[in-house]
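So the chains spell out like this:
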Amino acid sequence: GSKHISTILPMLVDWNNKNTQGDTTKKASQIGLFYYENIVNNGGFGYGSKGEIKELLIRVILQGSAEIKEELKHIFDGILTRNDPTYRDRDYELVKVVLTSITDNFEVVKNLPDYVIKLAELFWVNRPKKTGWYNYDSPGVEKYFGLSERHDFQYFPASAFQTPIYQLLRFAPNLTIDFILSFMNRAVERYVNSELKDEVEEMQVIINDKCRIKQYVSNRLWNAYRGTQVSTHLLESVHMALEKWLLDYAKFETAEQLENLCYYLIKNSRSASITAVVASVVM
């Protein structure tokens, strides 16, 4: 059982910190999973003394993700199937680390980027309940963009490293770029139909005198990647991550590849916030 977890767990952490692959890492991670399932199936981590155990346990599991992909897929599929992106989900603490940690989520982002994106989609997008006494009007602007307000993923202060997006762009660029575009397109559509609609206008973007698209623009959107406007820390961080990755991309790829990617971003975005990032990179 879990009788000796306090003695064994630090050794597992020490091993997986230094060895992210191999048969011993797999065994260490499976022991971590055994402890994890034991705890969440018996009431979860709760509060108090289990806080440090929770932190170490999740670190062991995620750092060994290369060797326990199938087991993690099973857990993530369960989260997605339950479709309950709140603290009540049995695996909420695990998801929280996957989507917020700057260090502990590196291996899982590297090995299971598609699942990390699916989890972000589930937990970042607001899904209002039809009924519930706990509904309230948040003072933030998340609601205007259709973003979740109830989780504790604060992403403060906004930066390129606050969300998993920068690492996702490194390991799965095509998948992540399409996610950013669809995520922002949905967010901006909610924005232009919200109480803030009067500050937004629609403009036409003409590319090479041929392609004509329409985008929404406002001061809030155009400066989202700068973090100088009242936006959401989540959206600011996503745009900052995209900008940083594009600047890195420019150092190692050809000018033609960068140009094609910038065109792709503009052509497929309904939000001028993406165009603002492209303009920053070009300058």
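Quick caveat, the model's predicted, so the values are computed rather than measured. (Residues numbered from 1 in each chain as written. Predicted model: local features only at pLDDT ≥ 70, side-chain atom pairs only at ≥ 80, totals over all residues. Heavy atoms only, no water.)

**Describing the pairing of strand β2 (residues 211-217)**
- Here strand β1 (residues 201-207) pairs with β2 via seven bridges, running antiparallel. Looking across to β2, one finds that E201 is bridged to V217.
- Counting the residues that bridge the hairpin from β1 to β2 gives three residues, and of these N208 lies at a positive phi of roughly 55 degrees. (Pairing = 2+ DSSP bridges. Helix = DSSP H or I, 4+ residues; strand = E, 2+ residues; numbered from the N terminus.)

**Digging into helix α1 (residues 5-18)**
- With 14 residues, α1 should cover 20 Å at 1.5 Å per step; its first-to-last C-alpha distance of 20 Å lies within 8% of that length.
- I5, L9, L12, V13 and N16 are the residues of α1 that are buried. All buried residues of α1 project into a common sector of 105 degrees when viewed along the axis, lining one side. α1 presents T7, M11 and K18 as exposed residues on the side facing more than 90 degrees away from its buried surface. (Expected span 1.5 Å × (residues − 1). Buried < 20%, exposed > 50% of the residue type's maximum accessible area, 1.4 Å probe, protein only. Arc of directions from axis to C-beta.)

**Observations concerning the packing of helix α12 (residues 255-267) against helix α13 (residues 272-282)**
- One can describe the packing of α12 onto α13 by two numbers: an axis separation of 8 Å at closest approach and a directional angle of 160 degrees. It follows that α12 is roughly antiparallel to α13 by the angle criterion. The way α12 lies across α13 gives a crossing that is left-handed. Contacts between α12 and α13 pair C262, L265 and I266 from the former with I274, T275 and V278 from the latter.
- Here the contact of α12 with α13 is composed, by residue class, of five nonpolar, one polar and no charged. (Axes fitted to C-alpha atoms, helices over the stretch in contact; angles between N-to-C directions. Parallel < 35°, antiparallel > 145°, perpendicular 65-115°, else oblique. Left-handed = near helix turned anticlockwise from the far one by under 90°. Contact = heavy atoms within 4.5 Å. Nonpolar A, V, L, I, M, F, W, Y, C, P; charged D, E, K, R; others polar.)

**What to know about unusual backbone geometry**
- Between F156 and the following residue, P157, the backbone shows a cis peptide bond with an omega angle of -5 degrees.
- For P157, the location among the structural elements is in the loop between α7 (113-124) and α8 (165-171).
- Even without a glycine there, the phi angle at N208 is positive, about 55 degrees.
- Counting through the fold element by element, N208 comes out in the loop between β1 and β2.
- Of note in this structure, D209 is not a glycine but carries a positive phi near 60 degrees.
- For D209, the location among the structural elements is in the loop between β1 and β2.

**Comments concerning the pattern of salt bridges**
- Counted by the stated rule, this structure contains 15 salt bridges.
- R82 is paired through a salt bridge with D89; the nearest N and O atoms lie 2.9 Å apart.
- Note on R82: relative accessible area 36%, which makes it partly exposed.
- Residues joined by salt bridges that share partners form a network here, namely E37, R82, D89, R90 and D91. (Salt bridge = Lys/Arg side-chain N within 4 Å of Asp/Glu carboxyl O.)

**Details of the packing of aromatic side chains**
- This structure, assessed with the given rule, holds 11 aromatic pairs.
- On the basis of an interplanar angle of 15 degrees and a centroid distance of 4.7 Å, the ring pair of F145 and Y191 is categorised as stacked. Residue F145 is found in the loop between α7 and α8, and its partner Y191 is found in helix α9 (residues 173-192); the two are separated by 46 residues along the sequence.
- Through a chain of ring-to-ring contacts, the aromatic side chains of W124, Y155, F179 and F183 assemble into a single cluster.
- The ring centre of Y87 lies 5.6 Å from the NZ or CZ of R88, which sits over that ring.
- Lying across the ring of Y263, K267 places its NZ or CZ 5.7 Å from the centre. (Phe/Tyr/Trp six-rings, centres within 6.5 Å; stacked < 30°, edge-to-face > 60°. Lys NZ or Arg CZ within 6 Å of the ring centre and 35° of its normal.)

Shape descriptors only; they carry no functional weight alone.
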